[in-house]
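# Observations on the model geometry
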Amino acid sequence: MKKNLLILTFSILLAACSLQLAAHKSPLIARSSQLAAEKYWQQEVHYDIKVTLDDAAHSLKGFETMVYSNHSPDTLRFIYVHCWPNAYKDNTTALYRQLSQIEERKTKLKKIRDNGYIDQLAFTVDGKNAPAEADVQNADILKLTLPAALAPGKEITIATPFFVKIPSYFSRLGHDGKSYMITQWFPKPAVYDNKGWHAMPYLDQGEFYSEFGSFDVHITLPSSYVVGATGQLLTLAESKAYKQTGSANHNNPFAPIRYSPPATISKTLDYHADNVHDFAWFADQNFIIQYDTLQLASGKIIDVFSWYRPGGNKQWMNSISFIKDAVLHYSKWIGEYAYPMVSAVEGPGNTSSGGMEYPMITLITSPKAGKEELDGVIAHEVGHNWFYGMLGSNEREHPWMDEGINTYYEFLYEAEKYKYNGILGNIIPDRIKKLPTDDFLSAVYNVINQLKTTEPVETPAAAFPSEFEYGLVVYAKTAVWMHLLETDIGKAKLEKGMQAYFSAWKFRHPYPEDLQASLEQSTGSNLDHAFNMLHNTGSF
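I will try to describe carefully the structure that is included in this document.

Now for the environment of Lys110. Position of Lys110 among the secondary structure elements: in the loop between helix H2 (94-101) and strand E4 (117-119). The spacing of Lys110 and Val125 is 15 residues in sequence and 41 Å in space, taken between C-alpha atoms.

In structure tokens, the structure reads:
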């Protein structure tokens, strides 16, 4: 997610940019570095979901089958299952409680026209009925008791029908009229790792943690809709139509042509995705499609799509270029993009974020963004394919590992292309913009480091007392920390270390200690002091 942070004043920038950042030079404690991935295990889930959209009732009706593999050394007798649409059920849920407690998010409560929920669940495990009990405090968490114990190395097949009432759009899942944002929408096992179960209620401030696997999703809906989704579209006629229409619009964005639907009342679109931990889709009858391909450094060619709104932000005419640039930059800095497709969707405005990431697709909610800002927001959200997508850290407990590190790379991207910064916006003086990129970034980070904060970087997302503090610490302060780390060990060593981290933990669930171990092993540096800084309050 890309935060809409407050813009700093011009006078603060002028005063602070005259200062210089200093790297921390405290003695480091010796540490034995052993890559934690060597003794690593993780669970695996393969989904097959059939779902139908009723755009008159704003609802989904579906059937889900999950093959759950137990790679842990433990015998499991139950599985926690997230049913996150129930977060929208009423004002007793964790979502509503959080919205009422965080001052900046209270306005969202006024936008709620329709609540949402998930029901009609009837779980079976290997064909036998399995009882599911809702958590006493969180209706969006179920405890599924298994008919027989699941031993290490074994798998089970879990199945259930489900019905989702889609809420009005005010958080992530929702509809804005007949424009649909279908996210966090199906029953989904919580992560079980070497730290235990990670069952968590849906929150607006606080993201997710899910098991890797594959998805086969079959979406039935009225034929007039254009759909953007996680994964590859396997329905050949629809895929061909999207690519032909999108290619024409990419070549001539000033006179876009519309998608021509099949002459049937409804259609079923089949999608497949590997090595992902979520599946999202977006449907609108008026989407303008753009399409092109992108060749990566290895020679691999991927599909690039964008879906945007007629009468929306005119900068979306450049969206394919923005997406491509982001993929190429992140691939060079961290490691090559691993998926066959990348895309971005223009959604309705959202007061607390500029966008929200999902595997291979991102929703951008910045209707008034200028060129530099929209490019930066798209880069940030596309960048989440690395930090969240391929590196599947626990976003709820360690939000800095995806949002903060990703912001560091977003800032680098914006500085290299525009001498722009997504937090400081257009208030940066021309004399600062004329500096070389490294000096420009040092000046930017020096300003951000002066801002007063009360929480350390290593703080769970739900523990921040305000949206402003959450955004400033998780996003901006982590980026400052990354810059200080770069200054301390050198840009080349940091790049080498992050590439080693990506290589070791791609499609896995790294924790902070795993990031530290990867960086130390690849760079030969002891980083205890740097990682201890994550627990400090105030500026670095």
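There is more to say, and it comes next.
According to the stated counting rule, one finds 14 salt bridges in the structure shown. Among the salt bridges present, the one from Glu103 reaches Lys106, with a minimum N-O distance of 3.2 Å. What makes Lys106 partly exposed here is its relative accessible area of 33%. Shared partners join several salt bridges into a network, and the residues in it are Arg105, Lys108, Asp204 and Glu467.

When a protein is soluble and globular, its nonpolar side chains tend to lie buried together. Ranked by internal contacts, the top residues of the largest apolar core, which has 166 residues, are Trp185 and Trp281. Ranked by residue count, the leading element in this core is helix H9 (residues 467-489), at 13 residues. Sequence-distant contacts of Trp281, that is, excluding residues within four places in its chain, are made with Val51, Leu53, Leu60, Tyr180, Met181, Ile182, Trp185, Ile219, Leu221, Val227, Gly228 and Ala229.

All right, on to the sheet that holds strand E23 (residues 355-358) then. Pairing within the open sheet is mixed, and its five strands lie in the order E20-E21-E22-E24-E23. Looking at the sheet topology across the chains shown, the edges are occupied by strand E20 (288-295) and E23. Adjacent strand axes in the sheet meet at a mean angle of 15° when their direction is disregarded. Where E20 lies against strand E21 (residues 301-308), eight bridges are found, and the strand directions are antiparallel. Bridge pairing links Ile289 to Trp307 in E21.

The next subject is the pairing of E21. Of all eight residues in E21, seven are buried, a share of seventy percent or more. With antiparallel pairing between neighbouring strands as the criterion, E20 and E21 make up a hairpin whose turn holds five residues, including Gly299 at a positive phi of roughly 100°. Two elements, E21 and strand E22 (residues 341-346), share five bridges in a ladder whose sense is parallel. Its bridge partner lying in E22, Ser306 is registered against Ala344. Handedness of the crossover is the feature at issue here: the chain leaves E21, passes through helix H4 (residues 319-333), returns alongside E22, and the resulting connection is left-handed.

On to the side chain of Thr362, then. Among the structural elements, Thr362 can be located in strand E24 (residues 361-364). Here Met356 takes part through its backbone oxygen, which lies 3.1 Å from a polar atom of the side chain of Thr362. Among all residues touching Thr362, those that are not within four sequence positions of it are Ser343, Ala344, Val345, Met356, Glu357 and Glu381.

On to the packing of H4 against helix H5 (residues 371-383). Think of two packed helices as two axes; the pair is described by the angle between the axes and how far apart they sit. Two numbers describe how H4 lies on H5: the axes approach to 9 Å, and their chain directions differ by 50°. When the interaxial angle is binned, H4 and H5 end up oblique. Seen along the crossing, H4 lies across H5 with a hand that is right-handed. Here Ser319, Phe322, Ile323, Ala326, Val327 and Tyr330 of H4 come into contact with H5, specifically with Lys371, Leu374, Asp375, Ile378, Ala379, His380, Val382 and Gly383. Of the residues in the contact of H4 with H5, the class split is nine nonpolar, three polar and two charged.

Turning our eyes to something else, we now look at unusual backbone geometry. Positive phi values are uncommon outside glycine, yet Asn275 reaches one of about 55°. Checked against the element boundaries, Asn275 lands in strand E18 (residues 266-276). Taking relative accessible area as the criterion, Asn275 reaches 37% and is therefore assigned partly exposed. Positive phi, close to 135°, is recorded for Tyr388, a residue that is not glycine. Position of Tyr388 relative to the elements: it lies in the loop between H5 and helix H6 (403-418). Classification of Tyr388 by relative accessible area gives buried; the value is 5%.

Analysis parameters
- Residues numbered from 1 in each chain as written.
- Predicted model: local features only at pLDDT ≥ 70, side-chain atom pairs only at ≥ 80, totals over all residues.
- Heavy atoms only, no water.
- Helix = DSSP H or I, 4+ residues; strand = E, 2+ residues; numbered from the N terminus.
- Salt bridge = Lys/Arg side-chain N within 4 Å of Asp/Glu carboxyl O.
- Buried < 20%, exposed > 50% of the residue type's maximum accessible area, 1.4 Å probe, protein only.
- Core = buried A, V, L, I, M, F, W, Y, C linked by side-chain atoms within 4.5 Å.
- Contact = heavy atoms within 4.5 Å.
- Pairing = 2+ DSSP bridges.
- Axes fitted to C-alpha atoms, helices over the stretch in contact; angles between N-to-C directions.
- Right-handed = clockwise from strand over helix to strand, strands pointing away.
- Polar contact = N/O pair within 3.5 Å; in protein donor to acceptor, adjacent residues only side chain to side chain.
- Parallel < 35°, antiparallel > 145°, perpendicular 65-115°, else oblique.
- Left-handed = near helix turned anticlockwise from the far one by under 90°.
- Nonpolar A, V, L, I, M, F, W, Y, C, P; charged D, E, K, R; others polar.

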